[in-house]
Amino acid sequence: MANNEAPISKLQQFLPPDTYDEVLHYLQRYKVELTVTKERKSILGDYRHPLHGKSHRISINGNLNTYSFLITLLHELAHLLQFEQYGNSVAAHGKEWKTIFSQLLERFLSAPIFPEDIRSALQRSLRNPAASSCADDVLLRILKKYDRRNPKLILIEEVPDQS
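Scoring rules and cut-offs
- Residues numbered from 1 in each chain as written.
- Predicted model: local features only at pLDDT ≥ 70, side-chain atom pairs only at ≥ 80, totals over all residues.
- Heavy atoms only, no water.
- Buried < 20%, exposed > 50% of the residue type's maximum accessible area, 1.4 Å probe, protein only.
- Helix = DSSP H or I, 4+ residues; strand = E, 2+ residues; numbered from the N terminus.
- Arc of directions from axis to C-beta.
- Salt bridge = Lys/Arg side-chain N within 4 Å of Asp/Glu carboxyl O.
- 1 Å grid on protein atoms, 1.4 Å probe; cavity = no way out; pocket = protein on both sides within 12 Å on 5 of 7 lines; lining within 4 Å.
- Points joined across faces, edges and corners; volume = space filled by probe spheres on them.
- Nonpolar A, V, L, I, M, F, W, Y, C, P; charged D, E, K, R; others polar.
- Pairing = 2+ DSSP bridges.
- Axes fitted to C-alpha atoms, helices over the stretch in contact; angles between N-to-C directions.
- Contact = heavy atoms within 4.5 Å.

**Thoughts on helix α4 (residues 116-125)**
Spacing of three or four residues puts side chains on the same side of an α-helix, whose turn is 3.6 residues.
Part 1: Within α4 the residues assigned to the buried category are Ile-118, Arg-119, Ala-121, Leu-122 and Ser-125. Seen end-on, α4 carries its buried residues on one side only, within an arc spanning 165°.

This is the structure we're talking about:
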């Protein structure tokens with residue numbers, strides 16, 4: 001089944017306010033084919049470098065909250081920038097990727113985009129970012145607070161003591 005194409009402006013609905021122009025700059029500069037996918041259980045996003053005349057390709061799960069979506073997109077853009085600079089000669093989540101990802105995060109942390117709890121968790125991780133936001137337990141729990149959840153469901157840590 002063919003993918004449904006949508007105008008790039010639709011991307012705004014997946015991003016926090018005031019981030020679209022900066023994200024669009026990267027997507028256009030590097031000619032990225034961006035796909036917003038249905039939920040995948042094993043990954044939040046994916047980067048594929050150009051092969052056989054194709055563009056850089058990034059896919060991001062469309063069920064993520066806007067902050068998780070942006071962080072995941074920046075994670076995948078860091079892979080793209082790493083590929084542009086080093087090709088396949090360095091580890092996928094090695095020191096080069098960590099440096100590039102930290103620099104991308106810093107650009108977005110310099111603007112008032114993230115709520116303070118997310119901002120704080122991201123700043124803490126800048127020196128040694130995890131290979132996935134899921135691997136950073138503190139960041140994962142904070143980002144989960146911004147998910148659209150069934151109001152009848154609560155997390156274990158939200159259950160009062162002795163309940």
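**Quick look at the pattern of salt bridges**
Part 1: A complete count under the given rule lists seven salt bridges for this structure.
Part 2: We note a salt bridge from Lys-41 to Glu-39, for which the minimum N-O separation is 3.4 Å.
Part 3: According to the relative accessible area criterion, Glu-39 is partly exposed, its value standing at 48%.
Part 4: For Arg-48, the salt bridge is made with Asp-46, and the minimal N-O distance between the two is 3.1 Å.

**Topic: the layout of surface pockets**
Part 1: Here the largest pocket is characterised by a volume of approximately 910 Å³.
Part 2: Lining of the largest pocket is provided by 46 residues; of these, Ile-43, Leu-44, Gly-45, Thr-72 and Ser-132 occupy positions nearest its centre.
Part 3: The set of elements that each furnish at least two residues to the lining of the largest pocket consists of β2 (45-48), α2 (66-86), α3 (95-109), α4 and α5 (137-144).
Part 4: Sort the elements by how many residues they give to the lining of the largest pocket and α2 lands first, with eight residues.
Part 5: Split by residue class, the lining of the largest pocket holds 19 nonpolar, 17 polar and ten charged.

**Focus on the sheet that holds strand β1 (residues 32-37)**
Part 1: Ordered in space as β1-β3-β2, the three strands form an open sheet in which the pairing is mixed. Strands at the two margins of the open sheet, each flanked by one partner only, are β1 and β2. Strand-to-strand, the axes of this sheet are offset by a mean angle of 15°, without reference to chain direction.
Part 2: Summarising the sheet, β2 and strand β3 (residues 56-61) pair through four bridges and their orientation is antiparallel. Looking across to β3, one finds that Gly-45 is bridged to Ile-60.

**Concerning α5**
Part 1: By the burial criterion, the buried members of α5 are Leu-139, Ile-142 and Leu-143. Mapping the buried residues of α5 onto a view down its axis gives an arc of 95°, with all of them on the same face.
Part 2: Considering only its buried residues, α5 is in contact with α2 and α4.

Read these as layout, nothing more, since geometry by itself doesn't imply function.
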